[in-house]
Amino acid sequence: HRARDGLPVLGRRDAALTATSERREVRLLGRVRTRLLAAFLLLLGATVLLTAMGWVGLRRVQGALAGVEEDLLPRISQALELSERAAQLASTAPKLGDSLSHAELDAHRHSVEALLAQIGQGSRNLREPTPRLQHVIDRLQESVRKDLPALIELSQQKLRLQAQLEGELVRLDRLGQALHA
């Protein structure tokens with residue numbers, strides 16, 4: 001049985017057919033290599049692009065964080081200092097009325113005045129205080145300026161009256177001893 005032209009017969013290979021199929025295999029292999037190389041280059045490019053985008057994003061976040069550190073943290077620190085001074089003022093003010101001597105009253109008065117000066121200075125150091133905060137600070141300072149002299153006067157009057165009362169008690173005690181003697 002004879003082989004037709006171009007059709008392979010079992011065990012026999014046609015030279016033209018063999019050369020064509022080898023070329024096809026080489027082209028197919030060349031195409032696969034090209035596709036793999038293109039895929040790897042595409043993955044490499046995507047990786048580099050994503051890395052660059054991540055780096056740019058991190059730089060932006062770093063800039064924003066630096067802005068927060070430069071602006072917000074000092075404000076928080078100043079607000080904490082002001083609140084600490086206000087708490088000290090609130091704890092020192094009642095001591096004015098409870099003073100047992102003029103020296104103690106003067107010490108407490110100087111302490112309150114120093115705290116008020118520190119609060120005033122701290123509020124002036126604030127950059128762009130909110131209107132609400134500025135209103136509270138102004139109202140506090142006005143109230144203390146108005147009420148502090150009155151409180152000091154009342155405390156001094158209380159000390160004078162206590163001294164008079166002690167003098168009267170000593171006099172009554174002497175009179176009582178004179179009557180019993």
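These figures come from a predicted structure and were not determined experimentally. (Residues numbered from 1 in each chain as written. Predicted model: local features only at pLDDT ≥ 70, side-chain atom pairs only at ≥ 80, totals over all residues. Heavy atoms only, no water.)

Peer 1: Any details on helix 2 (residues 102-125)? Residues and values, ideally.
Peer 2: Taking 1.5 Å per residue as the helical rise, helix 2 with its 24 residues ought to reach 34 Å, and the 34 Å between its terminal C-alpha atoms agrees with that figure. When helix 2 is considered as a whole, its buried residues turn out to be Leu-105, His-108, Val-112, Leu-115, Leu-116, Ile-119, Gly-120, Gly-122 and Ser-123. (Helix = DSSP H or I, 4+ residues; strand = E, 2+ residues; numbered from the N terminus. Expected span 1.5 Å × (residues − 1). Buried < 20%, exposed > 50% of the residue type's maximum accessible area, 1.4 Å probe, protein only.)

Peer 1: Which residues make up the pattern of salt bridges, and what values do they have?
Peer 2: The tally for this structure, following the rule as stated, stands at five salt bridges. Between Arg-85 and Glu-84 there is a salt bridge; the shortest N-O distance is 3.9 Å. Given the relative accessible area of 23%, Arg-85 is considered partly exposed. With a relative accessible area of 42%, Glu-84 lands in the partly exposed category. Between Arg-109 and Asp-106 there is a salt bridge, with the nearest N and O atoms lying 3.5 Å from each other. Highlighted residues: Arg-109 and Asp-106, both in helix 2, separated by three residues, approximately one helical turn. For Asp-106, a relative accessible area of 31% gives the class partly exposed. One salt-bridge network, held together by shared partners, links Asp-106, Arg-109 and Glu-113. (Salt bridge = Lys/Arg side-chain N within 4 Å of Asp/Glu carboxyl O.)

Peer 1: Account for the nonpolar core, with residues named and values stated.
Peer 2: Ranked by internal contacts, the top residues of the largest apolar core, which has 13 residues, are Leu-89, Leu-96, Val-112, Leu-116, Val-144 and Leu-148. Residues within four places of Leu-89 in sequence aside, it is in contact with Val-112, Leu-115, Leu-116, Ile-119, Leu-140 and Val-144. (Core = buried A, V, L, I, M, F, W, Y, C linked by side-chain atoms within 4.5 Å. Contact = heavy atoms within 4.5 Å.)

Peer 1: Outline the packing of helix 2 against helix 3 (residues 131-180), supporting the account with residue identities and numerical values.
Peer 2: Contact pair helix 2 / helix 3: the axes reach a minimum separation of 11 Å and the direction vectors enclose 170°. Judged by the inter-axis angle, helix 2 sits roughly antiparallel to helix 3. In contact with His-102, Leu-105, Arg-109, Val-112, Glu-113, Leu-116, Ile-119, Gly-120 and Ser-123 of helix 2, helix 3 contributes Gln-134, Ile-137, Leu-140, Gln-141, Val-144, Leu-148, Ile-152, Ser-155, Gln-156 and Leu-159. The residue inventory of the contact of helix 2 with helix 3, partitioned by class, reads 10 nonpolar, seven polar and two charged. (Axes fitted to C-alpha atoms, helices over the stretch in contact; angles between N-to-C directions. Parallel < 35°, antiparallel > 145°, perpendicular 65-115°, else oblique. Nonpolar A, V, L, I, M, F, W, Y, C, P; charged D, E, K, R; others polar.)

Peer 1: Any details on the confidence of the model for the protein? Residues and values, ideally.
Peer 2: Detailed reading of the predicted coordinates is not advisable wherever pLDDT falls low. For the protein, per-residue confidence averages 79 on the pLDDT scale, and residues scoring 70 or more make up 81% of the total. Confidence, read as mean pLDDT per element, is least for helix 1 (residues 15-97) in the protein (81) and greatest for helix 3 (84). (pLDDT = per-residue confidence, 0-100.)

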